[in-house]
Amino acid sequence: MSTIFSRTNPFHAKVLKNVNLNGVGSSKETRHIELSLTRSDLSYVPGDCLGMIPTNDPVLVNSILEEMKLDAETAVEINKQGETLPLKEALTTYFEITLLTKKIVQQAVNLTENEELQKLVSNENADQLKEYVDGRDLLDLLRDFGPWKASAQELVSLLRKMTPRLYSIASSITANPEEVHLTIGAVRYTAHGRERKGVCSILCAERLQEGDTLPIFIQQNKHFNLPDSQEKDIIMVGPGTGIAPFRSFIQERAWNKAPGRAWLFFGDQRSATDFLYQTEFESYLTDGVLTRLETAFSRDTAEKVYVQHKMLENSKELFEWLENGAYFYVCGDKQYMAKDVHNTLIDIIEKEGTMTREAAEAYLNDMKEQGRYQRDVY
C-alpha cells in the first residue's frame, strides 16, 4: 500500500532548483524554487497551496542556548506522548521560537524573579503586553527579563509546536509533471534593535541547496481557482510574490489551449531588477496565451505607480470584461494592496457602469457570490 502524505506525514521533496529572480541592485530577494514530487502521489490544481515545515535559524538557536547557558544535548520531552529530542534539535526542528504570545510571557513569569516582567503581565498592563509580544521573539524575552532559573524542560514547555508555512503554488502540474514550484520573498528587517528573518523564507534564501529535501504537503484552496469553463475570461492582479498562483493559472491555460482571454496586472519596485518571470510572461503575451499585460513599477517614476493605477487607466476595458462575465482575482498583501485594489474596483464599476456607490458594491458582491471575485491575501 502506498503511503499517503499529509500535514501530519509530510513528503520529503528534493530541491531541483533554487534561484534568485531579482536582478543585481534590487532591494528584494525573491526565490524561485522547484521541488520534485516523484514517488509522492501528490497532486494539486492551480490555486492550491504548498505547506512547508521549516527549521529555525541555527544562529538564533545557538543564541538562545548561550543566553540560558543550557547544554545543547539535554534530552527534553516535546509532546504529550513523551517523545524526546536533544534540546538543540528540539529548538531547531520542533518548536516555534520566533513568535511570542501573551500566554508564553505570562507563563514565563514563574521562571524568573524579574519585577519588570511581573509588572508587564499584570491586568492593568494588557496593552503594554500586547505591544511587547508584537514583533519580538523568545531571545528578546530571555534577554529582557533575566536572570532565569529555568531548566531545559521548563524552557521548551513554554513553547508551541512549529506551524507549517503555506505558499501559493506557482506552477501547473499538467505543464510540469511531478514538480511543484514556489515564489518566495525573503523576509529580512530590523526591529527592537535586532535583525529579524522570516523562518521559512530565509531557510529558502540562505540555507536550502539544490539536492536538499524539504518536508512538504499540499493544502487545497477551494476558494481560489480557475473557472470551470476554459472559455471564461480572467483578470489577475498579483504584484510581487502575488504573481505565484497566476503563473500556475497561465501555465495551465497555455497547456490546455484555453480559448478564454487572460489579462495580468503585475507590479513591483523596478522594471530592470524586479520584473519576476519577465521573459516567461512576455512570451505568453506573444503567443496570445496572455491577452494583455499591464505592469506598474513604483520606483521607476517620480510619482509611485501601483497596480490599482493601471486598473484605473484601463477602467473602460476592465468594466467591459466584467460585463462579459470575466473572473477577477487578487493575490498578495492583505493590509494595503488588496484593500486598494478592492476600492479601485468599486470605483471602476461605479464610474463605468454609471451606478451609485451602493450599486457598485452590490455588483461586486454578486460577483463574489458567483465565484467571479476571488482573493488570496496574506
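Scoring rules and cut-offs
- Residues take numbers from 1 onward in each chain, read along the sequence in its written order.
- Only residues with pLDDT of at least 70 are given local features in this predicted model, and only at 80 or more are side-chain atom pairs given and counted; all residues enter the totals for whole chains, interfaces and linings.
- Here the side-chain values reflect all heavy atoms present in the structure, with hydrogen atoms and water set aside.
- A pair of strands is labelled paired if DSSP reports no fewer than 2 bridges between them.
- Counting from the N terminus, the helices are the DSSP runs of H or I reaching at least four residues and the strands are the DSSP runs of E reaching at least two.
- Comment: axis = line fitted to C-alpha atoms, over the contacting stretch for helices; angle = value between 0 and 180 degrees taken between N-to-C directions.
- Criterion for a salt bridge: a side-chain nitrogen of Lys or Arg within 4 Å of a carboxyl oxygen of Asp or Glu.
- Exposure is judged per residue with a 1.4 Å probe applied to protein chains only, and the accessible area is read against the type maximum: over 50% gives exposed, under 20% gives buried, and values in between give partly exposed.
- A clockwise turn of the near helix away from the far one marks a right-handed crossing, whereas an anticlockwise turn of less than a right angle marks a left-handed crossing.
- Residue contacts follow a heavy-atom distance rule, with two residues in contact if any of their heavy atoms lie within 4.5 Å.
- Each residue is assigned to one class: nonpolar for Ala, Val, Leu, Ile, Met, Phe, Trp, Tyr, Cys and Pro, charged for Asp, Glu, Lys and Arg, and polar for all the others, Gly among them.
- Only the six-membered ring of Trp is used, alongside the rings of Phe and Tyr, when aromatic pairs are assigned; centres must lie within 6.5 Å, and planes under 30 degrees apart are stacked while those over 60 apart are edge-to-face, with the rest tilted.
- Comment on the angle field: the value is read as roughly parallel under 35 degrees, roughly antiparallel over 145, roughly perpendicular from 65 to 115, and oblique elsewhere.

Draft legend 1. Spatial organisation of the sheet that holds strand β12 (residues 262-268). Reading across from one edge, β13-β12-β11-β14-β15 is the order of the five strands in this open sheet, with parallel pairing throughout. Sheet topology places β13 (292-297) and β15 (373-377) at the edges, where each strand pairs with a single neighbour. For this sheet, the mean angle separating the axes of adjacent strands, direction not counted, is 10 degrees. Bridging between strand β11 (residues 234-237) and strand β14 (residues 327-332) involves four bridges; their strand directions are parallel.

Draft legend 2. Representation of the pattern of salt bridges. A full pass over the atoms with the stated rule returns 20 salt bridges. Its salt-bridge partner being lysine 119, residue glutamate 116 comes within 3.4 Å of it at the nearest N-O pair. Of this pair, glutamate 116 and lysine 119 both sit in helix α4 (residues 115-120), separated by three residues, roughly a single helical turn. The exposure class assigned to glutamate 116 is partly exposed, which follows from its relative accessible area of 47%. Between aspartate 140 and arginine 194 there is a salt bridge, and its shortest N-O distance comes to 2.8 Å. Taken as a pair, aspartate 140 in helix α6 (residues 138-144) and arginine 194 in strand β9 (residues 194-197) lie far apart in primary sequence, 54 residues in all.

Draft legend 3. View of unusual backbone geometry. The amide bond that connects glycine 146 to the next residue, proline 147, takes the cis arrangement and shows omega of -5 degrees. At aspartate 41, a residue that is not glycine, the phi angle is positive and equals roughly 60 degrees. Note on placement: aspartate 41 falls in the loop between β2 (30-36) and β3 (49-52). The residue histidine 192 is not glycine, and still its phi comes out positive at about 50 degrees. Its location among the elements puts histidine 192 in the loop between β8 (188-191) and β9.

Draft legend 4. Spatial organisation of the packing of helix α14 (residues 337-352) against helix α15 (residues 357-369). Contact geometry of α14 with α15 gives a least axis separation of 8 Å together with a crossing angle of 115 degrees. Between α14 and α15 lies a crossing whose hand is right-handed. Here His342, Asn343, Leu345, Ile346, Asp347, Ile349 and Glu350 of α14 lie close against α15, whose contacting residues are Arg357, Ala360, Glu361, Tyr363 and Leu364. For the contact of α14 with α15, the per-class residue count stands at six nonpolar, two polar and four charged.

Draft legend 5. Seen up close, the packing of aromatic side chains. What the rule picks out here adds up to 19 aromatic pairs. Ring centres 5.7 Å apart and planes at 75 degrees place the aromatic pair phenylalanine 246 and phenylalanine 249 in the edge-to-face group. Of this pair, phenylalanine 246 and phenylalanine 249 both sit in helix α9 (residues 244-256), three residues apart, which is roughly one turn of the helix. On the basis of relative accessible area, phenylalanine 249 is assigned to the buried category, the value being 0%. The interplanar angle of 70 degrees and the centroid separation of 6.2 Å between the aromatic rings of phenylalanine 266 and phenylalanine 297 together place this pair among those described as edge-to-face. Placement of the pair is phenylalanine 266 in strand β12 and phenylalanine 297 in strand β13, with a sequence separation of 31 residues. Phenylalanine 297 matches phenylalanine 266 in its accessibility class, with the two residues each being buried. In this structure an aromatic cluster arises from ring pairing among Phe224, Phe246, Phe249, Tyr327 and Tyr329.

Draft legend 6. Region of the structure containing the sheet that holds strand β7 (residues 179-185). Taken in spatial order, the six strands make up an open sheet running β6-β3-β10-β1-β2-β7, and their pairing is antiparallel. A strand with exactly one partner marks an edge of an open sheet, and here the two such strands are β6 (165-168) and β7. Averaged over neighbouring strand pairs, the angle between their axes works out to 40 degrees when direction is ignored. Sheet analysis places β3 next to β6, joined by four bridges and oriented antiparallel. Paired with leucine 50 across the strands is tyrosine 167, a residue of β6. On top of the sheet, helix α8 (residues 199-207) reaches β1 (11-20), β2, β3, β6, β7 and β10 (213-219); it is set at about 70 degrees to β6, its chief contact.

Draft legend 7. A look at the packing of α9 against helix α11 (residues 278-287). Where α9 contacts α11, the axes come no closer than 12 Å and their chain directions differ by 40 degrees. Classified by the angle their axes make, α9 and α11 are oblique. For the pair α9 and α11, the crossing hand works out as left-handed. Packed against α9, whose contacting residues are Arg247, Ile250, Gln251 and Ala254, the element α11 presents Glu280, Phe281 and Tyr284 at the interface. Class assignment of the residues belonging to the contact of α9 with α11 gives a composition of four nonpolar, one polar and two charged.

Any functional reading would require information beyond the geometric quantities listed.
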